[in-house]
Amino acid sequence: MKGALLRLAILGLAVVMLAGNAVAAEPAAKPYRIYMALWRGWEDAAQGFKDYFINQNIPVELIIRDAAQDKDKLKEFIAEAKQLKVDLVFTWGTTVTEEMLGRWDASDPQSYIRDIPAVFAIVSQPVGGVVPSLESSGRNITGTTYLVPMETQVNLIQSYRHITRLGVVYNPLERNSRVAIDELSAIGARSGFEVASAAVEVVDGKPLAASIAGKVAGLKAAGIDFLYIPPDTFLNVSRDILTGAALEQGIPSFAVGENAVVTSKAMFGGVYRYYTVGQLTAYKAEQILVHKIKPEAIPIDAPKRLSILINMPVVRHLKLYPPMKLLELAEIIDPAEGKRP
Amino acid sequence: MRQDGQTSLAAGFLGLPSARSVRGSLARKVSLALVSILVFTLLLAAFFAYYKFESVYSSLVQSRYSFVVFTVKKKVEDSLNLGLALRQLRQVQEIIEREKARDSQILSIQVYDAQGEVLFDTDRGAIGTFVGSGLVDAAKASSAQSFGATDDDMLIVGLPLVNTLGKVEGGILLRYPQAYVEHGVGGLLIQLSRTTAELLAVFSVLAVAGLYILFGRVSRKLGSMERTLGTVLSEGGQAVPEAGGDPFEERFAEFVTKSREATDHIREATEEIGRLDRLA
Amino acid sequence: MTLDRTRPLFVRLLLLAFMVLVPPVGLLTYDALGEFSKGLVPELDKKAETVGRDLAASIERAVGYGIPVDHLVGMDEFFTPVLRSNPEIRYLAVTNRDGRILYLTGARREVLEPFYAVADFDDDAERVRKSNLGDFVDLAQPISGKNGRVGHLHVGIDDGFVRGRLMEIVIDIAVVTLGALLVAVEILLFVVLVNVIGPMREVGMVIDRVRRGDFSHVSGSGSDDEVGHFVSGFNAALRYCDDLFRRLEDYIDEVKAAHFDKSVVERVGEIEARVRFLFRFSRQGQPDVITERQAADIRLPLFLFVFAEEMSRSFIPLYIRDLSVPIPGLSPDLVMALPIALFMLLIAVVSPSAALAASRLGSRRIFLMGLVPATMGFVLSAWAYSVYDFMLWRGITAIGYAMVTMACQSYIAQISKQERRAQGLGVYVGAVLTASICGTGIGGVLAERVGYRPTFVVAAVLAVIAGMLIYRLLDTPQVSEQRSSPHLRQYLGLLRNWRFSALILFAAIPSKIALTGAFFFLLPLTLMLDTAVDLGDVARIMMIYPIVVVTLSPLAARLADRTGWKAGLVALGGVIGGMALVTPLIENSPQMLALGVVLLGVSHGLSASPQLAMIPDVCWTECRNIGQTNVLAFLRFAERLGSFIGPLLAAAFLPFFGYYDSIVAVGAISLGLSLIFVVLSFAYGSGPHIEAELME
């Protein structure tokens, strides 16, 4: 499915007319011109953004630019967007967003896009970065978040089974992991579970993948009943080792990322799909362009519905079956049945 | 009442039509009123019974079909959540065709988008047409509950399709024949009408009979008082109420006596004057 | 059976009416119920099958993923919402191949186990099996896994569901029957009065005159039935006597005029004097016709008219809500209350002049004139476009309503002699309350079936029928005694009597605030919050009020007369009325509201008649000065202001408290004022209060 959806990055200028079958309301309406600034090529969020306009029959002209992870290109993008006098700018990712739209407290606003309304997507920490708060950007932009709130993640785990001790293996070099563990502990204190954490060993300033299995075994000995896999580049790379160790120890695991569940052996996970995030971002763009709502009046939020992923072979191995309701809501990953989302 | 004097036809004396010709007209009047009330009551009761049945029955049918629609909705929305556009969900056509095949009463199931364009329809010829704006609005208005509508002789039950953003993407409609509900409740209607008619016939007769008995007594009483009056006035004698006569009859007897007394007295006075007149 | 009095004949007639009306309705209901359950069962089965198929599919999917059927997790949470949204399904269960219950929601295990234990679930047929398990119908749907059958999903249909629906029909029909019986009473009473009792009462009056030797009157001419025939015969006898007397007179005159012998003339004069001494004949040359009008004549038209108005009682606030468009500057709740408040205000304002007009122009004319705006109001309400024009149509209806009711009161007042006025008023109140019972009940059930708008049309038709009935009513001679209308100053002077003012402020007004604010306005809206409550239920709950009032009122009146404890009853009624509205404090439920309605009925049943009966005592001096009628009219006017305030007050609370608590708030105000009256009532004393003026 990934392959089916993931399009090749479109480089250079590509003007896509998406008139669709325009309905009586505004048949000859001039399409809205949207400047899409991407970071890693065309992927699901961009696709969701585009599809939304097709589905809603909103005529748009998309001017698609890919920075291909090159920060320097972004300056050109700013100039081009200003020169084209587009109706709206879409920015993908933290770097593109911060470089093109500027931090909320930037001292040199003229060097960013300020007059054209903009929507951003896939920005991991928008608050304190591009915006002062999620309620309002206080300026001409709005956008979406894509990380599942910790509270929601815990609720999801709790809905699978009641937990008393949650285990976390983390990369001590990643500051975010520590933050996540503190946050988890705080929620645990409120809702009645403990957090047992184990840091991966670091050798030569690099985390040691080989130490993961031992840490998981240690946590198992500490009596954890669920393993939490935080979003972490190192852990993502070593996901097979980590989830494999959990499986071997008979510990169910919950992952925040899609990969650990879909392409590895984490038991289940809860994510916002990029495609959905892209659609939500387009929805906000629609509010601005079609319904003429001021961007600062549109709060920055995440999609309403979470995608729940359940890795059925792991479930069968652990014999820890999901509740029927969760099963009904979830996307089941079961290669044996040929079922993949 | 019983008279002491001789009897003769009082009516003749009074120069009135015979009491027989008006007999029963009081009962007729009251019968008309009572039978009308009976008709009204039974019809109203039958009407309410029928409509209650109709509403329970049709809401049951509707809830069944809305459950079917709900099943389709769940499947379609699950697919929507995977990030596919509604019009790309080829499997929807298969889903709705399978549901239709399960129930021969289902006329059609269709899935339309937010603009009302039919994207999938069990009647493939209708794909690409547009549903009425009323249905599009109904879907948008009821974001969670099912909505109902009628279309010629078809009943429609629908549910909106909501995407992950909580936005209505379109709707699903299921059409089933009105005749199905009519057939289901028709039997009751016929049965109710028959029973109502039977009961009406029987109890109307009873009502009329009862009223004739009741007012027969009234009319006999009146007749007997009338006869006494005639007899006493034309032939003399005294009106004595029968044993068990009520206060009214006693008062009436007094009246009769007093009238007779008055006529006698006036006659005597007339005769006396006549005598005096002739004497001179 | 005395023919000139209502009761004996009427009781027999009612008995007969009861015997021919109730059994057929009962039989019809019985028959309908049988058909009903027969028709409903197959559809219920289909529904259960549809639900079952979907659930079975979900379970099969889970089983397909390799979850053993006896290891499914969270089945209760899975089943519960299905049970909640499908009330006809009582339980859901899964059994394994041996018929052992693996999961069960909605019923107790012990109830089903014996049935499943003996049932043979081992055949591999792919069909739904239906079996009767005591109170349930069990539909078993096979669940198959990769390796064949793994068990069954059971959908249990509750017999109670069908029974519940049947009960609803029975209650519907019972309401209709009660209404029909009351209508039958009214119509039969009318028919008997007009055809039998009325003429016979006239005959009785003539008889009483004749017994005193007075032959000057005959009874009014009768109809073409037995009574008419009798009356003709009766009159003929009188005319015969009269005729004899006339001839005697003529003869005497002739003798007197022509006879030469003075002594004969003298003798004839003596005879004439003797006859004239013994008997009295009309001086007009022929007997006068006596006509006796009765308060009850107006009863049926009044009944029909009030019936028409009360039909919309249960749904007026709901209708307004449907019509409601936001009016800038006013809260939507206030907009909902406005038409009701306006209706009450207009009645209060129009009534005094309508009463005056009725006494000047005649009741019949005012009744007929009042019907024009009232009928128009009903018809236009049916076609109301928005809340604005609806307010106008209700205003018109209010004017008509005031005119019609005042015309009836004036008619009754004019024809009933002083000592029978209370009885006449009883006729009025009786007609209004029975109409209220029938109108509320039948109107609500009807509106539920055919909608609000057609119900207004039915109301208009009833009003027209009332007009046709009143048209045949002869007008009463106008009373020569033109009551001089007291000046406003005199009315206001009434308020200086603290007992009277207290009665108005702390008894009459609070009870009306409770009635219009909480009962007329908030109750239907609040009841409809509960999704299980439909309009028919609202109407049925609301009709409890007049039923209770009608039952209690005569008892309270008798109690007040016998014990003289009038202020006490008023105070007690007030407190009960206040408590009636705080019942939601116990629980926010339709049941508590129904209890509140009962208590409100008790309250007004207890206090209404003693309140009126107190007036002559409390305002002894004022009644002498400006007339009791005027004092009562002022009381009415003042309490109608309470009716006006009620809905507005309730609407003002709504945004702050919500529906249930607004009822409580209105109740608290009413209760507070009533408690003040309780305290004051101890200072009332008993008997006439002449000192009221002396104290000033």
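Residues numbered from 1 in each chain as written. Chains lettered and ligands numbered in written order. Predicted model: local features only at pLDDT ≥ 70, side-chain atom pairs only at ≥ 80, totals over all residues. Heavy atoms only, no water.

Caption draft 1: The overall build of chain C, seen in detail. For chain C, the count of helices and strands is 21 helices and 7 strands. Its C-alpha atoms give chain C a radius of gyration of 34 Å, more than 25% over the compact-globule value 26 Å for 696 residues. Each principal axis of the C-alpha atoms in chain C carries an extent, and together these give about 140 × 65 × 50 Å. Long-range pairs, those at least 24 residues apart, make up 76% of the contacts in chain C with a sequence separation of at least 6. Carbon and sulfur atoms make up 62% of the accessible area of chain C, which amounts to about 28,400 Å² in all. Between the mean site of the 61 positive side-chain charges and the mean site of the 67 negative ones, chain C shows a separation of 6 Å. (Helix = DSSP H or I, 4+ residues; strand = E, 2+ residues; numbered from the N terminus. Rg over C-alpha atoms; globule rule 2.2 N^0.38 Å. Contact = heavy atoms within 4.5 Å. Areas by Shrake-Rupley, 256 points an atom, 1.4 Å probe, with all protein chains shown as cover. Lys, Arg positive; Asp, Glu negative; His and termini not counted. Charge placed at Lys NZ, Arg CZ, Asp CG, Glu CD.)

Caption draft 2: Molecular detail of the overall build of chain B. Along its length, chain B carries 6 helices and 7 strands. Burial analysis of chain B (280 residues in total) assigns 55% to the buried set. Partitioning the intrachain contacts of chain B with sequence separation of at least 6 by distance along the chain shows that 63% fall at a separation of at least 24. When the accessible surface of chain B is summed, it comes to about 11,900 Å², and 55% of that surface belongs to carbon and sulfur atoms. (Buried < 20%, exposed > 50% of the residue type's maximum accessible area, 1.4 Å probe, protein only.)

Caption draft 3: Looking closely at the pairing of strand 3 (residues 60–66) of chain A. Residues and elements named next belong to chain A. Among the 7 residues that make up strand 3, 7 are buried, leaving the element largely enclosed by the rest of the structure. Here 7 bridges tie strand 2 (residues 32–38) to strand 3, and the two strands are oriented parallel to one another. In the sheet register, Ala37 faces strand 3, and the bridge partner there is Arg65. Handedness of the crossover joining strand 2 and strand 3 through helix 2 (residues 44–56): right-handed. (Pairing = 2+ DSSP bridges. Right-handed = clockwise from strand over helix to strand, strands pointing away.)

Caption draft 4: The arrangement of a nonpolar patch on the surface in detail. Residue and element names in this part refer to chain C. Together, Val379, Trp383, Val457, Val461, Val464, Ile465 and Met468 line one region of the surface with nonpolar side chains, adding up to about 620 Å² of accessible area. Broken down by element, the nonpolar patch gets its largest block of residues, 5 residues, from helix 13 (residues 452–471). Mapped onto the secondary structure, Val464 falls in helix 13. (Patch = residues over 30% accessible without salt bridge, like charges linked within 9 Å, V, L, I, M, F, W, Y side chains within 5 Å. Salt bridge = Lys/Arg side-chain N within 4 Å of Asp/Glu carboxyl O.)

Caption draft 5: Layout of the environment of Leu318 of chain A. By the secondary structure assignment, Leu318 of chain A is in helix 12 (residues 312–318). Overall, Leu318 of chain A belongs to the buried group, its relative accessible area being 17%.

Caption draft 6: Representation of the sheet that holds strand 4 (residues 136–145) of chain C within the structure. All names here are of chain C. In space, the 5 strands of this open sheet follow the order 2-1-5-4-3, with antiparallel pairing throughout. A strand with exactly one partner marks an edge of an open sheet, and here the two such strands are strand 2 (101–105) and strand 3 (129–133). The sheet shows a mean angle of 25° between the axes of neighbouring strands, direction not considered. For strand 1 (residues 89–96) and strand 2, the ladder comprises 4 bridges, and the chain directions are antiparallel. Residue pairing in the sheet places Val94 in a bridge with Tyr103 of strand 2. In the packing of helix 3 (residues 109–118) onto the sheet, contacts are made with strand 1, strand 2, strand 3, strand 4 and strand 5 (148–158), and the angle to strand 2 comes to roughly 140°. (Axes fitted to C-alpha atoms, helices over the stretch in contact; angles between N-to-C directions.)

Caption draft 7: Highlighting unusual backbone geometry. Residue and element names in this part refer to chain A. A positive phi angle, close to 55°, is found at Lys85, a residue other than glycine. With respect to the secondary-structure elements, Lys85 resides in the loop between helix 3 (73–84) and strand 4 (88–92). The exposure class assigned to Lys85 is exposed, which follows from its relative accessible area of 67%.

Caption draft 8: Here's a closer look at the sheet that holds strand 8 (residues 194–199) of chain A. Residue and element names in this part refer to chain A. Strand order in the open sheet formed by 7 strands is 8-7-11-12-13-14-15, with mixed pairing between adjacent strands. The sheet is open, and its two edges are formed by strand 8 and strand 15 (331–333), each paired on a single side. Ignoring strand direction, the axes of neighbouring strands in this sheet form an average angle of 25°. Pairing between strand 7 (residues 165–170) and strand 11 (residues 226–229): 3 bridges, direction parallel. For Leu166, the partnering residue across the bridge sits in strand 11 and is Phe226.

Caption draft 9: Spotlight on the interface of chain C and chain B. Residue-level contacts link 94 residues of chain C with 86 residues of chain B. Overall, the association of chain C and chain B removes approximately 8,500 Å² of surface from exposure, summing both partners, and the carbon and sulfur fraction of that is 77%. Counting the contacts that link chain C with chain B gives 7 salt bridges. Note that Arg64 of chain B and Glu43 of chain C form a salt bridge whose closest N and O atoms lie 2.9 Å from each other. Taken together, chain C and chain B are joined by 15 residue pairs in polar contact (both at pLDDT 80 or more). At the level of secondary structure, the elements contributing two or more residues to the side of chain C that touches chain B comprise helix 1 (6–64), helix 4 (159–211), helix 5 (226–258), helix 6 (262–278) and helix 12 (421–450) of chain C. At 27 residues, the largest contribution of residues to the side of chain C that touches chain B is made by helix 1 of chain C. Looking at side-chain class alone, the side of chain C that touches chain B contains 59 nonpolar, 12 polar and 23 charged residues. (Buried area = accessible area lost by both parts, 1.4 Å probe. Polar contact = N/O pair within 3.5 Å; in protein donor to acceptor, adjacent residues only side chain to side chain. Nonpolar A, V, L, I, M, F, W, Y, C, P; charged D, E, K, R; others polar.)

Caption draft 10: Broad picture of the domain arrangement of chain C. Residues and elements named next belong to chain C. The domains assigned to chain C are domain 1 (25–164), domain 2 (193–290), domain 3 (293–482) and domain 4 (494–696). A C-alpha centroid distance of 21 Å is found between domain 3 and domain 4. The interface of domain 3 with domain 4 comprises 34 residues on the first partner and 32 residues on the second. Taking both partners together, domain 3 and domain 4 bury about 2,800 Å²; carbon and sulfur atoms supply 79% of that area. Summed over the shared surface of domain 3 and domain 4, the number is 0 salt bridges. Along the contact surface separating domain 3 from domain 4 lie 2 residue pairs in polar contact (both at pLDDT 80 or more). Of all elements in the fold, only helix 8 (316–323), helix 9 (332–361), helix 11 (387–415) and helix 12 reach the threshold of two or more residues within the side of domain 3 that touches domain 4. If one sorts the elements of the side of domain 3 that touches domain 4 by residue count, helix 9 sits on top with 14 residues. Taken together, the residues that form the side of domain 3 that touches domain 4 break down as 22 nonpolar, 7 polar and 5 charged. (Domains from an automatic or database assignment.)

Caption draft 11: The environment of Ser253 of chain A, seen in detail. Residues and elements named next belong to chain A. Turning to its location among the elements, Ser253 is positioned in strand 12 (residues 253–255). The class for Ser253 is buried, based on a relative accessible area of 2%. Sequence separation of Ser253 and Leu166 is 87 residues, and the distance between their C-alpha atoms is 9.7 Å. Not counting chain neighbours up to four residues away, the residues in contact with Ser253 comprise Phe226, Leu227, Ile229, Ala246, Lys265, Ala266, Met267 and Phe268. There is a polar contact of 3.1 Å between the side chain of Ser253 and the backbone nitrogen of Met267.

Caption draft 12: Main features of the side chain of Arg251 of chain B. One can find Arg251 of chain B in helix 6 (residues 247–279). A residue is classified by how much of its surface remains accessible, and Arg251 of chain B, at 17% relative accessible area, is buried. Reaching out from Arg251 of chain B, the side chain makes a polar contact with the side chain of Asp208 of chain C at a distance of 3.2 Å.

Caption draft 13: Inspection of empty space enclosed by the protein at higher detail. All names here are of chain C. Scanning all chains against the criterion turns up 5 cavities of 30 Å³ or more. One number sums up the size of the largest cavity: a volume of about 110 Å³. Surrounding the largest cavity, Glu309, Arg313, Ile316, Pro317, Ile320, Pro339, Ile340, Phe343, Met344, Phe390, Arg394 and Phe520 form its lining. Listed by contribution, the elements that provide at least two residues to the lining of the largest cavity are helix 8, helix 9 and helix 11. (1 Å grid on protein atoms, 1.4 Å probe; cavity = no way out; pocket = protein on both sides within 12 Å on 5 of 7 lines; lining within 4 Å. Points joined across faces, edges and corners; volume = space filled by probe spheres on them.)

Caption draft 14: Summary view of the nonpolar core. Phe49 of chain A together with Phe215 of chain B are the most contacted members of the largest nonpolar core, which totals 238 residues. The element best represented in this core is helix 2 (residues 25–81) of chain B, accounting for 24 residues. Setting aside residues up to four positions removed in sequence, Phe49 of chain A forms contacts with Ile34, Met36, Leu62, Leu88, Phe90, Val119, Gly278, Gln279, Thr281, Ala282 and Ala285 of chain A. Counting residues in hydrophobic clusters, the runner-up holds 134 residues, among them Met336, Ala518, Ala567 and Phe634 of chain C. (Core = buried A, V, L, I, M, F, W, Y, C linked by side-chain atoms within 4.5 Å.)

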